[in-house]
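If you want the building blocks of each chain, they are given just below.
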Amino acid sequence: MNRRRIMACITAAFLLAGSIPPVQLHAEDFSDEEYWIRKCSAVQPTQEDADLCTQFKNEYASRQQAVEQQISDLQQQIENIGNDIDEIAALAQQQYALVQELDAQIALKEESIASFDATINALSAQIDEKRQEIEQYDRIIRERMISEQASVGTNMVVDLIMGADDLSDMLRRLEGLNRITQDDEDQMKQLQDLRDELQLQLSEQDRLREQQEEQKAEIEQQRAAADEVRQQREELLAVYQSNQQEIVQRMENATYNAQTMGGNMIAMDPSSLVEEPESNNGSSGGSNSGSEGGSSGGGENSSNSGGSSNGGGSMSSNGFISPISGTLSAGTWYYPGGGEHLGADIAAPIGTPIYAPANGIVVWTNEGFPSDNGGYPDASAGWPYGAANNMAMITRVNGTTYFISFAHMSTGIVVSPGQTVSQGQLMGYTGNSGNSFGAHCHIEVVNLGNMSIADAVAQFQRTSDFAYGTGWSVATTGCDIIGRTPCREHPEDILY
C-alpha cells in the first residue's frame with residue numbers, strides 16, 4: 001500500500017513538473033553595449049544568435065528611455081542648483097559622462113551603418129549562391145527519384161497509399177522504396193539543411209535592413225540628446241562661473257605649503273641670475289617702468305635676439321609670440337556667463353603644444369593630475385587652486401618684466417623650475433585638468449614693471465604668490481583699473 005502511494009506521489013510529481021514551463025537559469029548579459037552593437041551589425045550564424053540580437057535591441061531601447069529620463073532629471077537639478085561650486089562640479093561630471101557615452105554610441109553606430117551596405121550586399125550574393133546550390137541538389141534528387149520510379153515501374157508513394165493487390169505485390173513495392181540508398185537520405189538531409197540556411201540568411205537580410213534604418217533613427221535621437229546635454233552644460237557653466245567668488249575666497253584664505261610643494265618652485269639663488277637677453281630689443285613701447293607704470297601699450301616690433309623660435313604663432317605688437325594655437329573662449333576680467341575671470345582661456349584640443357612666448361626662466365611647474373578631469377571641475381586641484389597641471393615663467397620684453405602662468409595643462413610638462421627657455425621653445429601641452437569645463441589653457445600675465453628678473457624670482461620664492469600682491473579680484477588687479485604695477489594684463493592683447 002505504501003509502495004503504491006509512493007509511486008503515485010512520484011508520478012504526480014513528474015506530471016506536475018511537466019506542466020511547469022522551463023525556467024531560464026540566467027539572463028543574457030547585455031552590459032557590453034559596444035560588443036553587442038558590433039556583433040548584431042553582422043550576419044548571425046544561427047537563429048539563436050539572431051534571437052539574442054532581438055533581445056539586445058529591446059534591452060537597448062529601454063536603456064535609451066532611461067537616458068531620456070536622466071537628461072530630464074539633470075535639467076531639474078540645474079534649475080534647483082544652489083551656489084555650492086562643489087555640488088555644481090559634481091553635476092557637471094554627470095553631464096560630461098553622459099555626453100561622452102552618447103558621443104561614443106553615435107560614433108560606434110556611424111561605423112556600424114557604414115558597414116551595413118557591404119554586409120547586406122555580401123549576404124545577397126551568398127543567398128544567390130545558396131539558391132543555386134539548392135536547385136542543383138533538388139535536381140539531383142529528382143533525377144534519382146525518376147530513375148528509381150522507372151526501375152520499379154510505378155509510383156512508389158501512390159502504390160503504398162492505394163494498397164497492394166497481394167503480398168508479393170506489396171513486397172515488390174517495399175523493395176522499391178528500400179532502394180532509396182543512404183546516399184539519397186543524406187542528400188535529402190543536406191537539401192533541408194541548405195533550405196534552413198537560406199531561410200536564416202533571408203531572415204538576417206531583413207533584420208539587418210531593419211536594424212540599419214533603426215540605427216539611423218537612433219543616431220538622430222542621440223545627437224539631439226547630446227546637444228541637449230551640451231546646452232545644459234552651458235547653462236551649468238554660466239552658474240558655475242557666476243559663483244567664482246567662492247574660489248576667490250578660497251585663494252585669499254589659502255597658504256602655500258612649502259613642505260609639500262617646494263619641489264615645484266625654482267630653487268636657485270636669485271642673486272646668481274644674469275638678466276637674459278630680451279625677446280624684443282626694440283623700444284620699451286607703452287609699458288611704463290617703475291612702480292607707477294601703466295598697462296602695456298603697442299610698442300614697435302624689433303628683431304628677436306633670443307633663442308631659436310621653433311614653435312608658436314605670429315609675433316604680437318608687444319614682442320611676444322602667441323604660445324598656443326586655439327580660439328579665445330573666455331576673455332579677461334569676466335566670463336561670458338558672468339563671474340570674475342583673471343586671465344584668458346584659449347580653447348584647444350588636449351595635447352596642443354604650448355610654446356614659450358618669450359625668452360625667460362621657468363619658476364614653477366606642477367603636475368600629477370589627470371590630463372582630463374573626466375568632467376569634474378576640481379576647484380581645489382593644484383596651486384593656485386584649480387590650476388592642476390600648471391607652470392609659470394618670468395620674462396622681460398621691451399624693458400618690462402612679466403610673470404606668465406599657464407593652467408589646466410596635460411601631464412608631461414617638458415621644462416623644469418630654474419630652466420631658461422627661448423622664445424618658441426616647447427614647454428608642455430594643453431589639457432583639461434583641475435577647475436576646467438573643457439580642453440583649454442588658462443593664461444594669466446602679471447606686469448611687474450621695471451622689476452629685475454632676479455627680484456621677481458626672489459619675491460616669488462618668498463611668497464609663491466601667482467598674483468604678486470595684486471589679489472584675486474578684478475577691482476584690485478587690472479592694469480587698466482589700478483594704473484600701477486604690479487598689475488594684471490589682458491593675455492589675449494599682450495600675447496596675441
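Preceding block: the structure.
Nothing here was measured: the structure is a model prediction, and the numbers come from that model.

Visitor: I'm lost on unusual backbone geometry in this one. Help?
Guide: Working note: non-glycine residues mostly have negative phi, and peptide bonds are mostly trans. Residue Pro 384 follows Trp 383 across a cis peptide bond; omega there is -5 degrees. Checked against the element boundaries, Pro 384 lands in the loop between β6 (360–366) and β7 (390–397). Pro 486 follows Thr 485 through a cis peptide bond whose omega is -5 degrees. Assignment of secondary structure puts Pro 486 in the loop between α11 (479–482) and β12 (487–489). Backbone geometry at His 408 places phi at a positive 65 degrees, although glycine is not the residue there. With respect to the helices and strands, His 408 occurs in the loop between β8 (400–407) and β9 (420–421).

Visitor: Would you mind showing me how to read the state of the cysteines here?
Guide: A disulfide bridge is the covalent bond that connects two cysteines by way of their sulfur atoms. Tallying each qualifying case throughout the model produces two disulfides. In this model, Cys 40 is linked to Cys 53 through a disulfide, with the two sulfur atoms separated by 2.3 Å. Every disulfide takes its handedness from the sign of the S-S torsion; for Cys 40 and Cys 53 that torsion is -90 degrees, giving left-handed. Of this pair, Cys 40 sits in helix α2 (residues 33–40) while Cys 53 sits in helix α3 (residues 47–80); the two residues are 13 residues apart in sequence, bridging distant segments of the chain. Overall, the relative accessible area of 5% leaves Cys 53 in the buried class. Shown here is the disulfide that connects Cys 479 with Cys 487, its sulfur atoms set 1.8 Å apart.

Visitor: Looking at this structure, I do not really get the environment of Trp 36. What am I missing?
Guide: With respect to the element layout, Trp 36 can be found in helix α2. Along the primary structure Trp 36 and Tyr 60 are separated by 24 residues, whereas in three dimensions their C-alpha atoms are 9.8 Å apart.

Visitor: Whenever I open this one, α2 confuses me. Can you help?
Guide: Each turn of an α-helix holds 3.6 residues, which means side chains three or four residues apart point in the same direction. Within the sequence span of α2, burial applies to Glu 33, Trp 36, Ile 37, Lys 39 and Cys 40. Seen end-on, α2 carries its buried residues on one side only, within an arc spanning 165 degrees.

Visitor: Please explain the pattern of salt bridges as it appears in this structure.
Guide: Opposite charge on two side chains allows them to pair when their charged atoms are near. In the structure shown here, the tally under the stated rule is 17 salt bridges. Close ionic contact of Lys 216 with Glu 213 constitutes a salt bridge, the shortest N to O distance being 3.7 Å. Of this pair, Lys 216 and Glu 213 are both found in helix α7 (residues 182–242), three residues apart, which corresponds to roughly one turn of the helix. Owing to a relative accessible area of 36%, Lys 216 belongs among the partly exposed residues under this scheme. Via salt bridges that share partners, Glu 33, Glu 59 and Arg 63 belong to a single interconnected network.

Visitor: For this particular structure, what's the right way to read empty space enclosed by the protein?
Guide: It is the rolling of a water-molecule-sized probe over the atoms that shows where space remains empty. What the rule picks out here adds up to two cavities of 30 Å³ or more. Each pocket or cavity is described by its volume, and for the largest cavity that value is around 140 Å³. Looking at the largest cavity, it is lined by 13 residues, and the ones nearest its centre are Phe 56, Lys 57, Gln 211, Gln 215 and Glu 218. Elements that contribute at least two residues to the lining of the largest cavity include exactly α2, α3 and α7. Residue composition of the lining of the largest cavity, by class: seven nonpolar, two polar and four charged.

Visitor: Explain the packing of aromatic side chains here, please?
Guide: Aromatic rings considered in pairs are described by the distance between their centres and by the relative angle of their planes. In total, this model carries 15 aromatic pairs according to the counting rule given. Pairing Tyr 35 with Trp 36 gives two aromatic rings, centres 5.3 Å apart and planes at 85 degrees, and the pair type is edge-to-face. Residue Tyr 35 is classed as partly exposed on the basis of its relative accessible area of 45%. Ring geometry for Phe 403 against Phe 460: centres 5.2 Å apart, planes inclined by 40 degrees, an arrangement best described as tilted. Here Phe 460 lies in helix α10 (residues 453–463) and Phe 403 lies in strand β8, a separation of 57 residues in the sequence. By relative accessible area, which is 0% here, Phe 403 ends up buried. Taken together, Phe 30, Tyr 35, Trp 36, Phe 56 and Tyr 60 form an aromatic cluster joined through their ring pairs. Looking at Arg 488, its charged tip hangs above the ring of Trp 472, at a distance of 5.0 Å from the centre.

Visitor: Help me out: how do you make sense of the packing of α2 against α3 in this one?
Guide: Two measures define how a pair of helices packs: the angle their axes make with one another and the distance between the axes. Interaxial distance between α2 and α3 falls to 10 Å at its minimum, and their mutual angle equals 130 degrees. Relative to α3, α2 is oriented oblique. Between α2 and α3 lies a crossing of left-handed hand. Where α2 abuts α3, its residues Glu 33, Trp 36, Ile 37, Lys 39 and Cys 40 lie against Asp 49, Leu 52, Cys 53, Phe 56, Tyr 60 and Arg 63.

Visitor: Help me understand a negative patch on the surface in this model?
Guide: On the surface, a cluster of negative charge is contributed by Glu 28, Asp 29, Asp 32, Glu 48 and Asp 51. Its place among the elements puts Glu 28 in the loop between α1 (2–19) and α2.

Visitor: Explain the layout of surface pockets to me, please; I cannot follow it from the model alone.
Guide: Quantified by volume, the largest pocket comes out at close to 930 Å³. Contributing to the lining of the largest pocket are 41 residues, with Tyr 335, Asp 345, His 408, Asn 435 and His 440 lying nearest its centre. Counting only elements with at least two residues in the lining of the largest pocket, the list comes to α4 (85–152), α7, α8 (245–253), β1 (327–330), β3 (340–341), β4 (344–347), β8 and β11 (440–447). When residues of the lining of the largest pocket are assigned to their parent elements, the largest contribution, six residues, is made by α7. Of the residues contributing to the lining of the largest pocket, the split by class is 20 nonpolar, 14 polar and seven charged.

Reading guide: rules and limits
Every chain's residues receive numbers from 1 upward, in the order its sequence appears when written. At least 70 in pLDDT is required for a residue's local features to be given in this predicted model, at least 80 for side-chain atom pairs to be given and counted, and no such filter applies to totals for whole chains, interfaces and linings, which use all residues. Values reported for side chains reflect all heavy atoms of the structure, with hydrogen atoms and water molecules removed beforehand. Runs of H or I in DSSP of at least four residues are treated as helices and runs of E of at least two as strands, each being numbered from the N terminus. Put simply, a disulfide is two cysteine sulfurs that come within 2.5 Å. Using a 1.4 Å probe on the protein chains alone, a residue whose accessible area is under 20% of its type maximum counts as buried, one over 50% counts as exposed, and one in between counts as partly exposed. This arc is built from the directions going out from the helix axis to the C-beta atoms. Here, a salt bridge means any side-chain nitrogen of Lys or Arg that lies within 4 Å of a carboxyl oxygen of Asp or Glu. Throughout, the protein atoms alone are placed on a 1 Å grid, and a set of points is a cavity if a 1.4 Å probe fits but cannot get out or a pocket if it is open with protein on both sides within 12 Å along at least five of seven lines; lining residues have an atom within 4 Å of a point. Grid points are joined across faces, edges and corners, and a volume is the space filled by probe spheres set on the points. Polarity classes work like this: nonpolar for Ala, Val, Leu, Ile, Met, Phe, Trp, Tyr, Cys and Pro, charged for Asp, Glu, Lys and Arg, and polar for all others, with Gly in that last group. Pairs were defined over the aromatic rings of Phe, Tyr and Trp, the Trp ring being its six-membered one, requiring ring centres within 6.5 Å. Orientation was assigned from the angle between planes: stacked under 30 degrees, edge-to-face over 60, tilted for the rest. We call a charge positioned above a ring when the Lys NZ or Arg CZ atom is no farther than 6 Å from the ring centre and deviates by at most 35 degrees from the ring normal. Whenever a helix is involved, its axis is fitted only over the stretch in contact; in every case the axis is a line through C-alpha atoms, and angles between N-to-C directions fall within 0 to 180 degrees. Roughly parallel refers to an angle under 35 degrees, roughly antiparallel to one over 145, roughly perpendicular to one between 65 and 115, and oblique to any angle outside these ranges. Helix crossings fall into two classes, left-handed where the near helix is turned counterclockwise from the far one by less than a right angle and right-handed where it is turned clockwise. Any pair of residues with heavy atoms lying within 4.5 Å of one another is described as a contacting pair. Within the patch definition used here, like charges are joined within 9 Å and nonpolar side chains (Val, Leu, Ile, Met, Phe, Trp, Tyr) within 5 Å, considering only residues with over 30% relative accessible area and no salt bridge. Surface accessibility follows the Shrake-Rupley procedure with a 1.4 Å probe radius. Residue values consider only the protein chains on display as shielding. This count recognises Lys and Arg as positive and Asp and Glu as negative, with His and chain-terminal groups excluded. By convention, the point assigned to a charge is CZ for Arg, NZ for Lys, CD for Glu and CG for Asp.

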